[in-house]
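Summary of the model geometry
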Amino acid sequence: MKNLEGKTIFKKHKTLTLYLNFENKMKKIEHIGIAVKDIKASNELFAALFDEPAYKMEEVISEGVLTSFFQVGESKIELLQALNDESPIAKHIEKRGEGIHHIAFGVDDIESEIKRLEAKGFTLIHKAPKKGADNMMIAFLHPKSTNGVLVELCQEIR
Ligand code: ZN
């Protein structure tokens, strides 16, 4: 197919088809979660690393965490500090120390993704999406079904 200047525009159509096919699947790494002991100190460290400060801090009481977010291109880095000893972050740090805690993938339709993954045999920690930080509905997969990697699905609340 050619446009008025005689240049081929076939590629544009191909990209569009590809996008439509993947509409309901994982689209990108939305963020990587990093467990830290002292979020204030880590905010300074990561602000120096990215040459840009965190764009927000937010408590997620249901998870017992204080979070901060950095934008890095199209993805984000989420720092997580435990608010109490029962927090999953407190347990993670006790067992493994500070470091990468989870990888979050952005999806368009979290409920259909949960159903798709359950049908494939993955173990979901949350069988229904719940409210997470940074205006997202979220659900976690159990790391025992994903090679030890804690996977989060997230869908932006519009
Ligand atoms: Zn997260």
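Read on for a plain summary of the structure. No experiment lies behind these values; they were computed from the predicted model shown. (Residues numbered from 1 in each chain as written. Predicted model: local features only at pLDDT ≥ 70, side-chain atom pairs only at ≥ 80, totals over all residues.)

**Notes on the environment of Lys 131**
For Lys 131, the location among the structural elements is in strand β6 (residues 130-131). Taking the C-beta count within 10 Å as the criterion, Lys 131 has 11 such neighbours and is therefore assigned exposed. Linking Lys 131 and Ile 157, residues 26 residues apart in sequence, is a C-alpha distance of 9.1 Å. (Helix = DSSP H or I, 4+ residues; strand = E, 2+ residues; numbered from the N terminus. Buried ≥ 20, exposed ≤ 12 C-beta atoms within 10 Å, placed from the backbone.)

**A closer look at the pairing of strand β4 (residues 75-82)**
As judged from the five bridges shared by strand β1 (residues 28-35) and β4, these two strands associate in the parallel manner. Residue Ala 35 lies in a different strand from β4, and its bridge partner there is Leu 80. Inspection of the sheet shows strand β3 (residues 65-72) paired to β4 by eight bridges, in the antiparallel sense. Residue pairing in the sheet places Phe 69 in a bridge with Glu 78 of β4. The turn joining β3 and β4, which pair antiparallel and follow one another in sequence, is formed by two residues; a positive phi near 60° is taken by Gly 73. (Pairing = 2+ DSSP bridges.)

**Remarks on the environment of Met 57**
For Met 57, the location among the structural elements is in strand β2 (residues 56-60). The exposure class assigned to Met 57 is partly exposed, which follows from the 15 C-beta atoms found within 10 Å. Note: C-alpha distance between Met 57 and Leu 80 (23 residues apart in sequence) is 9.9 Å. Sequence-distant contacts of Met 57, that is, excluding residues within four places in its chain, are made with Leu 66, Thr 67 and Ser 68. (Contact = placed C-beta atoms within 7 Å.)

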